[in-house]
Amino acid sequence: MAKKSFNKFGPQLAPAVATANSGVQRGVLEKQLPSWTASFESASKVYQTFDMSLDIDVDQAWLRKVLESLQSEDVAVARWIERFAEVCKELGKFRERLHEEYSARWEAANKLGLESEQREKLHAEQLAELEATRSALESRLAELAQGEKSLVEQKSELLEKERSLRLRELNAEAGFAEQNEQALHQLKEQQRKLAKQHEANLERLQEEQRKLGDELSQSARRLAEIKFNCTEEEAERTRKLDEREHEIQQSKAQLDRARSRLDREWSDLKSAEQGLNERIAAEMEDERKSHAQDLARLESQRDKAWAKAVQLKEKLAGAQDLEHMLGEQSPEELLGQLESLREENRALRRSADQSGAAELQSDNEYLRNRVADLERDLASLRPELDDVRRELSVKRVAATELEAVAREKRVLEQHKNTLAVHIDDLESRIEQLTSAQKTQTPFPAMSIMDTEREFRASIELEDVLDLKHFAQELQHRIAQAEDSVALFYPLEDIRVLLGGLAMSQLHVFQGISGTGKTSLAKAFAKAMGGFCTDIAVQAGWRDRDDLLGHYNAFERRFYEKDCLQALYRAQTPRWQDTCNVILLDEMNLSRPEQYFAEFLSALEKNNKDERLISLSETALPNAPSMLKDGRKILVPDNVWFIGTANHDETTNELADKTYDRAHVMTLPKQDHRFEVKSMEPNSFSFRSLQNAFDQACTGHQRTVRDLLDRLTDDNFTEQLGSHFGLGWGNRFEKQALRFIPVMLATGAADGEALDHLLSTRVMRPGKVTGRYDVTADHVRNLQDSLESFWISAKLSGDPEKCLALLEADIKRKEGGV
């Protein structure tokens, strides 16, 4: 199909050779791009010379895009650009000639020595007026160029819209009814927009032409006055201005021609739109007629089909009535009976001819009775026949369903056979894997500890003889336990730590962040020559599986967590006599009463051999040698559980059952420094440490019991029971009989030991302090009773920790907090 294009005579169909000509012309125009660019730059310099704000900034890339958009469809615009470039080139030459003319006149004026200032003033005014006129004409020329540029852009938009309209026209010719309607709607919308835009362009163009006419008329009058007043030397300049005016008139004529061309194009678009609408309407009318004919034909076929169905239904009803009348006999049987009846009729006729009338009458009567009996039998048998037929139809449906079920059963049996083959294969593979795993241990990490030399070889350990000397030595060993930082803990905290180690296997280090809770646990293990297993407690822990691991019955393997491995490791020959630590970092992120519940119960048992944790319900094959009954692990006494606890919005408060079973240390911020004595690393025997603890407890047992008896009989204990509902239990007495003697053996005073024990076990928040069911007077009376007991028992020092807690609680209550 030939390509549709536009020229100055309106829309037409361009032949294929036009494309080649346009390509040649575009090549010629592209060769002129550098000269055009130079001309535009020269014109811009002219404007800048006369201090004008107009700046013609046109580069070759923009001109190339303009040429590519125009292609060969509008040669007039390309010619206008070429002429505009020539005008810009002439502006540069005009500026040079104007400077030459100014120079010549200045030299002539110097030579002639004109003395008349009035003449010079008049000449300057004429020159200024002439320059203003020239500037106005040049600015108007620039505005015309800008307007022409906008017309070029509008022309490209119109061409793009014409292409889209042509595409919709082709779709309409192809017969797409739905697209025709959409295209028609869009075409009308675009027509309306184009009409508005065309009207706006025409109005703007008319306004510009009117202004240009006014300016040209004013310029003409000014030029006439200038011609009248100018000298002969300026006649040549006036002629050039006339030529420029003529060129402007030609530009105006070109604009008029462009406007008329746009009008013709718009009329062509209107006529094309009208033709397209008519063609679309005709095609839609043809389609409607075709659909109406098809609909009529289908309705006729439907009526014929209904009529035929009615006829067939009537025939079927007659056939069914005949079938009811005939019963279950087939047509062949009826024909045979009819033939036999005919034979009987002929025989009866012959016998009737031979017999008499009486016999015939009696036979006739007998036959009539027989017919009546048969009719009665037939009337009674017809309902039974209908019931039997209905039952037959139901059974046919049931038989069809049974057949479908049978087919489905056969398909399922085939699938079953296929699955049975796969199941047998999987069972054989599982059996192979099971038999292969029977020889493997369910505890790979702990089984390695049974055989590896690293865990089987024992080492020499140093004994702990004197607890007082050992406490001082341990302070310096803890200070230099870490390579990168020195840890300074006062001797009082080291003594409390040793007393807590003797009292309980569960420790709680609490305090603000940065006080060295975690560092103290790790440094103690290193200083003692044992190991420290660091376990980060997670907020979602709920049971002991989160701490120890779990058994996978399918894989026949126990997933051993670090805590479980540490418990087993502490029982190996290498570590069974060392002091080891399992660090529960941030232990109150979750509730220890849940994930640590079995350990809390096990640590309460007096018999250390009964402190067992069940790992599975039944004994596991090939279990490690130190598991009891193949499924229980012992909580060894050479392992201390040390948990760090921060108290903020992300943590949980520890329950009383945890506090009551644990040794609690509150670590304040340490600023105490001392000279650290350098010591070689050493490993201390756990048994020797326990022996030292036992010796201390035996040596100070009488003293501690007397102290506890006086405390029980004192007014302080009476007030605890009457106002706070608290008393001493067996657990407190047992812990005091272990904690206070060791504290005394390490060099601490009896008052210091009892103060720490009471502050952590009795005075802590929730027990005595921090309650809302007691008054400040009760707390104050308890404070006075405590001080009186301290004096009467002749305890050294003051109960500073207890008094500080009581004083803070009194201030809270008196302040209304």
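For the structure itself, look to the data block above.
*Asks:* Help me understand helix α20 (residues 686-699), please; the structure alone is not making it clear to me.
*Replies:* The periodicity of an α-helix, 3.6 residues per turn, causes residues three or four positions apart to be oriented the same way. Taking 1.5 Å of rise per residue, the 14 residues of α20 would be expected to cover 20 Å, and the 20 Å separating its terminal C-alpha atoms lies within 8% of that figure. Those residues of α20 that fall on the buried side of the exposure criterion are F686, S688, L689, Q690, A692, F693, A696 and C697. Of the residues flanking the start of α20, the one acting as N-cap is S685, its side-chain oxygen 3.4 Å from the backbone nitrogen of R687.

*Asks:* I'm lost on the sheet that holds strand β7 (residues 580-585) in this one. Help?
*Replies:* Within a sheet, each strand pairs with its neighbour through backbone hydrogen bonds, oriented either parallel or antiparallel. The five strands are arranged β4-β7-β10-β3-β11 in an open sheet whose pairing can be described as parallel. A single partner strand is all that each edge strand has here, and the edge strands are β4 (532-536) and β11 (663-666). Neighbour-to-neighbour, the strand axes of this sheet turn through a mean angle of 20 degrees, independent of strand direction. Note that β7 and strand β10 (residues 639-645) share five bridges and pair parallel. By the bridge assignment, V581 is partnered in β10 with W640.

*Asks:* Could you clarify how one ought to interpret the environment of Y568 in this entry?
*Replies:* With respect to the helices and strands, Y568 occurs in helix α16 (residues 562-569). Residue contacts for Y568: discarding those within four places in its chain leaves M446, M449, D450, P624, S625, M626, L627 and I633. For Y568, the side chain forms a polar contact with the main-chain nitrogen of M626, separated by 3.2 Å.

*Asks:* Explain the side chain of D714 here, please?
*Replies:* Looking at where D714 falls in the secondary structure, it is placed in the loop between α21 (701-713) and α22 (715-723). One buried charged residue, D714, remains without a salt bridge, the closest side chain of opposite sign being R710 at 8.1 Å. One polar contact links the side chain of D714 to the main-chain amide nitrogen of F716, over a distance of 2.9 Å. What D714 contacts, discounting residues up to four positions off in sequence, is S785, F789 and S792.

*Asks:* Even after reading the chapter, I still don't get the pattern of salt bridges, so can you show me in this structure?
*Replies:* A side chain with one charge may pair with a side chain of the opposite charge, provided their charged atoms come close. Counted according to the given criterion, the structure contains 25 salt bridges. R477 serves as the salt-bridge partner of E473, at 2.9 Å between the closest nitrogen and oxygen. In this pair, E473 and R477 are both assigned in helix α12 (residues 467-479), four residues apart and thus about one turn of the helix distant. Each member of the pair, E473 as well as R477, carries the same accessibility label: buried. Salt-bridge contacts for R780 lead to D777; the nearest nitrogen and oxygen are separated by 3.0 Å. Of this pair, R780 and D777 are both found in helix α25 (residues 776-792), three residues apart, which corresponds to roughly one turn of the helix.

Definitions and limits used
- Position numbers for residues count from 1 along each chain, tracking the sequence in the order it is written.
- Only residues with pLDDT of 70 or above have their local features reported here, since the model is predicted, and side-chain atom pairs are shown and tallied only from 80 upward, although totals for entire chains, interfaces and linings are computed over all residues.
- In computing side-chain properties, one takes all heavy atoms of the structure into account and sets aside hydrogens as well as water.
- Secondary structure elements follow DSSP: runs of H or I no shorter than four residues count as helices, runs of E no shorter than two count as strands, and numbering proceeds from the N terminus.
- The length a helix should cover is 1.5 Å for every residue beyond the first.
- Categorising residues by exposure relies on relative accessible area from a 1.4 Å probe, with only protein chains included: less than 20% of the type maximum marks a residue as buried, more than 50% marks it as exposed, and the intermediate range marks it as partly exposed.
- In the analysis that follows, any N or O atom pair within 3.5 Å is treated as a polar contact, provided that within protein one partner can donate a hydrogen and the other can accept it, and provided that, for residues neighboring in sequence, both atoms belong to side chains.
- Strands are treated as partners if at least two bridges between them are detected by DSSP.
- Every angle, taken between N-to-C directions, lies between 0 and 180 degrees, and every axis is a line fitted to C-alpha atoms, over only the stretch in contact when it is a helix.
- Any two residues whose heavy atoms approach within 4.5 Å at even a single point are treated as in contact.
- For the purpose of charge, His is not counted, nor are the chain termini; Lys and Arg are scored as positive and Asp and Glu as negative.
- By definition here, a salt bridge exists when the distance from a side-chain nitrogen of Lys or Arg to a carboxyl oxygen of Asp or Glu is within 4 Å.

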